[in-house]
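Remarks on the overall topology
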Amino acid sequence: MPVQDFEQLFQQKIDAEVKIEPKDWMPDAYRKTNIRQISQHAHSEIVGMLPEGNWITRAPSLKRKAILLAKVQDEAGHGLYLYSAAETLGMSRDEMINDLHSGKAKYSSIFNYPTLTWADIGAIGWLVDGAAIMNQVMLCRTSYGPYARAMVRICKEESFHQRQGFESLLVLSKGTPEQKAMCQDAINRWWWPALMMFGPKDSESTNSDQSMKWKIKRKSNDELRQNFVDMIAEQVKVLGMTLPDPALKWNEERKHYDFGEINWEEFWNVVKGNGPCNKQRLEARRKAHENGRWVREAAMAHAAKLAERRKQEAA
Amino acid sequence: MPDQEKINYLLHLADTTLILSHRNSEWCGHGPVLEQDIALTNIALDLLGQSRLFYQYAAELMGNTDEDQLAYLRTEREYKNLLLAEQPNGDWGQTILRQYLYSQFQQLLFQQLVTHNDQQLCAIATKSLKETNYHVRWSSEWVIRLGDGTTESRERMLHAIDELWPYTGELFDPAAYESVADVDFTSLQQEWNKRVKLIFEEATLPVPEKIFMQQGGKTGAHTEHLGYILADLQYLQRTYPNSIW
Ligand SMILES: [Fe+2]
Ligand SMILES: [Fe+2]
Ligand SMILES: [Fe+2]
């Protein structure tokens, strides 16, 4: 069969909502787009452990410490599922990690912002996991089977994270004046970066059309961002806090909240590596990998010795 | 105060598990490989859970306090954890060895505490023992892997033994309040030595002999490390007193 026919069949499957599986024929660009997206997603889970990990030893109560430790551990688990999903497309975890460390592969820019106070941990759960969920609920129905299935597992935990983050802010919002101020300050700092998580505007987004046609994505960046704004604008009222956007206003005609313009200069700057923590995050990942080299080598050497001994015993 | 010894013993167990959990949790996000990052965080979570049960029970006996006041508002001199628990992470090998030496001890100790005449202590030991069995298995496998792995890993393990061995004597040198445990520490030590020797043999590592042993943790005389751990751990509660989190 000529390639065009394969491509036609492939698109028919997508249109009929049949999941694409690892052994199925797929266009090269589909494979590459999925590898790029899934590995980027995996990297985000792993790099995302760093800003939150920053508060594990300083969590203000034993209960909060346990919740935070478990949460960061969940994120490591998400990274694992996603690396495995990406590996089904023919790229090894090692290669993906090398690409992260060399700067070739990206991860979500949100994790290049610092966690300055304890309230940032609540704000990340509520806003960052919240924004991630918008995207991930959609991805539970993405066309590549292993990715969709990984997302189903991950989504359950992410919504748990979001509720825990909100609950932790709720406690601060009812606390002392210092705690209230800490809560508002964290919301002020994380709001705009959270909105940026949905990526460039649809009019500026390069890969969007093909991804929609292949049902890798099912909603546009702007649609997802609007859904998120509508959700958070309501939830923030429960906290008795405000979002740092004077333009935020319910639009009765659109049945959506209007909101102000994102600072796109900042967005592109952080993408290019100039965010407040880009260097530290990558450095921390590289260092962990480097410091772990002798451990991985020892594990392999020992496994080889064991296998050799078994062989000799059998002989 | 008839319960004072029991309270001190519970605080000793609580402090040791909390401080070791704290040390392990410092690795979270920085482990040598993702699967092991998750495994060590798991152990940190288990130990944290155990410490909370001990603090809660101590708080119940003391009255008018709670787990957080006990963990966050006591000073270096009041903390009763083992010196071993507060030792720095060092490299992965040192962290692994610290975990193994402690878990092997905890397993043998808790195997005895499960028949203790205090019901609640019994219940906590029973629940914890299941977790500890796993900690022993996981950490001993790593000791073997690293001891028997490469020349470099073996050297690193030898260094870790040098660093940590002087803190193992304290495990078996009971403080006055440990009479509550109703445990024969001499036979505990013999059994511990036997098991550690077996694992070390498989790891091709030597067991040190007749080394000077440090002590004091159980009665609040710590190494300089503990102050920094508490500064970290207690920072928010100290900065914003009387707040709810
Ligand atoms: Fe996440
Ligand atoms: Fe996640
Ligand atoms: Fe999450």
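Residues numbered from 1 in each chain as written. Chains lettered and ligands numbered in written order. Predicted model: local features only at pLDDT ≥ 70, side-chain atom pairs only at ≥ 80, totals over all residues. Heavy atoms only, no water.

**Details of the overall build of chain A**
The number of helices and strands found in chain A is 13 helices and 2 strands. Its C-alpha atoms give chain A a radius of gyration of 22 Å, within 12% of the compact-globule value 20 Å for 315 residues. The dimensions of chain A, computed from C-alpha atoms along their principal axes, are 75 × 50 × 35 Å. When the 315 residues of chain A are sorted by exposure, 53% land in the buried category. If you take every contact in chain A between residues at least 6 apart in sequence, the share linking residues at least 24 apart comes to 76%. Entry remark: accessible area of chain A is about 14,500 Å², with carbon and sulfur atoms responsible for 55%. Considering chain A, the positive charge centre built from 45 side chains and the negative charge centre built from 41 side chains are found 5 Å apart. (Helix = DSSP H or I, 4+ residues; strand = E, 2+ residues; numbered from the N terminus. Rg over C-alpha atoms; globule rule 2.2 N^0.38 Å. Buried < 20%, exposed > 50% of the residue type's maximum accessible area, 1.4 Å probe, protein only. Contact = heavy atoms within 4.5 Å. Areas by Shrake-Rupley, 256 points an atom, 1.4 Å probe, with all protein chains shown as cover. Lys, Arg positive; Asp, Glu negative; His and termini not counted. Charge placed at Lys NZ, Arg CZ, Asp CG, Glu CD.)

**Some remarks on the coordination of the iron ion (ligand 3)**
Residue and element names in this part refer to chain A. Every protein donor of the iron ion (ligand 3) is listed here as Glu75 (OE), Asp129 (OD), Glu158 (OE) and His161 (ND1), and their distances to the metal cover 1.9 to 2.2 Å. For the iron ion (ligand 3), the 4 donor atoms are set out with angles of 88 to 147° between them, so the coordination reads as irregular. All donors of the iron ion (ligand 3) belong to a single chain; written as a sequence motif, their spacing is E-x53-D-x28-E-x2-H. A separation of 3.5 Å is found between the iron ion (ligand 3) and the iron ion (ligand 1). Of the two residues, Glu75 sits in helix 4 (residues 62–87) while Asp129 sits in helix 6 (residues 119–139), which places them 54 residues apart along the sequence. Assigned by exposure class, Glu75 and Asp129 land together as buried. (Donors = N, O, S within 2.8 Å, 3.2 Å for Na, K, Ca; no water. Tetrahedral: all angles 85-135°; square planar, octahedral: opposite > 155°, others 65-115°.)

**Some words on the coordination of the iron ion (ligand 2)**
All names here are of chain A. Protein-derived ligands of the iron ion (ligand 2) are Glu45 (OE), Glu75 (OE), His78 (ND1) and Glu158 (OE), with the metal-ligand distances lying across 2.0 to 2.1 Å. Angles of 84 to 137° at the metal separate the 4 donor atoms of the iron ion (ligand 2), which places the site in the irregular class. Given the relative accessible area of 5%, Glu75 is considered buried.

**Description of the interface of chain A and chain B**
Note on interface size: it is often stated as the accessible area lost on association of the parts. Contacts between the two partners involve 46 residues from chain A, matched on the other side by 47 residues from chain B. Buried surface at the junction of chain A and chain B, both sides included, amounts to about 3,900 Å², of which 68% is carbon and sulfur. Between Glu35 of chain B and Arg93 of chain A there is a salt bridge; the shortest N-O distance is 2.4 Å. Where chain A touches chain B, the interface holds 15 residue pairs in polar contact (both at pLDDT 80 or more). Breaking the side of chain A that touches chain B down by element, the ones donating at least two residues are helix 3 (49–53), helix 4, helix 7 (145–173), helix 8 (177–196), helix 12 (278–291) and helix 13 (293–314) of chain A. The leading source of residues in the side of chain A that touches chain B is helix 4 of chain A, at 14 residues. By residue class, the composition of the side of chain A that touches chain B is 26 nonpolar, 9 polar and 11 charged. (Buried area = accessible area lost by both parts, 1.4 Å probe. Salt bridge = Lys/Arg side-chain N within 4 Å of Asp/Glu carboxyl O. Polar contact = N/O pair within 3.5 Å; in protein donor to acceptor, adjacent residues only side chain to side chain. Nonpolar A, V, L, I, M, F, W, Y, C, P; charged D, E, K, R; others polar.)

**With respect to the packing of helix 2 (residues 28–47) of chain A against helix 4 of chain A**
The relative placement of two packed helices is expressed as an angle between their axes plus a distance between the axes. Residues and elements named next belong to chain A. Where helix 2 meets helix 4, the closest approach of the two axes is 8 Å, and the angle between their N-to-C directions is 160°. Regarding the angle of helix 2 to helix 4, the classification is roughly antiparallel. For the element pair helix 2 and helix 4, the recorded crossing hand is left-handed. Each of Ile38, Ser39, His41, Ala42, His43, Glu45 and Ile46 in helix 2 lies in contact with helix 4, whose residues at this interface are Glu75, Ala76, His78, Gly79, Leu82, Tyr83, Ala85 and Ala86. (Axes fitted to C-alpha atoms, helices over the stretch in contact; angles between N-to-C directions. Parallel < 35°, antiparallel > 145°, perpendicular 65-115°, else oblique. Left-handed = near helix turned anticlockwise from the far one by under 90°.)

**Points about the environment of Leu239 of chain A**
All names here are of chain A. Note that Leu239 resides in helix 10 (residues 221–239). The sequence separation of Leu239 and Gly77 amounts to 162 residues, and the corresponding C-alpha distance is 30 Å. Not counting the four nearest positions on each side in its chain, Leu239 is found in contact with Trp126, Phe166, Leu169, Leu170, Ser173 and Ile187.

**Some words on the confidence of the model for chain B**
Looking at chain B as a whole, the pLDDT averages 97, with 99% of positions reaching at least 70. ipTM for the predicted complex: 0.97, alongside a pTM of 0.96. (pLDDT = per-residue confidence, 0-100.)

**Let's talk about the pattern of salt bridges**
Residue and element names in this part refer to chain A. Using the criterion set out here, one finds 35 salt bridges over all chains in the structure. Among the ionic pairs, Arg189 bridges to Asp185, the shortest N-O distance being 2.9 Å. With Arg189 and Asp185 both in helix 8, this residue pair falls 4 residues apart, about one helical turn. Classification of Arg189 by relative accessible area gives partly exposed; the value is 26%. Note on Asp185: relative accessible area 31%, which makes it partly exposed. Connected via shared salt-bridge partners are Glu52, Lys71, Glu75 and Asp129.

**Overview of the nonpolar core**
Core analysis: the biggest nonpolar cluster contains 170 residues, and Trp118 and Phe228 of chain A together with Trp92, Leu101, Leu113, Val143 and Phe200 of chain B have the highest contact counts within it. Take this core: its biggest share by element is 14 residues, from helix 2 (residues 34–62) of chain B. Apart from the residues within four sequence positions on either side, Trp118 of chain A is in contact with Trp55, Ala59, Pro60, Arg64, Leu68, Ser168, Leu172 and Met182 of chain A together with Leu236 and Trp245 of chain B. (Core = buried A, V, L, I, M, F, W, Y, C linked by side-chain atoms within 4.5 Å.)

**Considering unusual backbone geometry**
All names here are of chain A. The phi torsion at Lys255 lies on the positive side, around 60°, for a residue other than glycine. Checked against the element boundaries, Lys255 lands in the loop between strand 1 (249–251) and strand 2 (256–258). Relative accessible area serves as the criterion here: at 48%, Lys255 is assigned to the partly exposed category.

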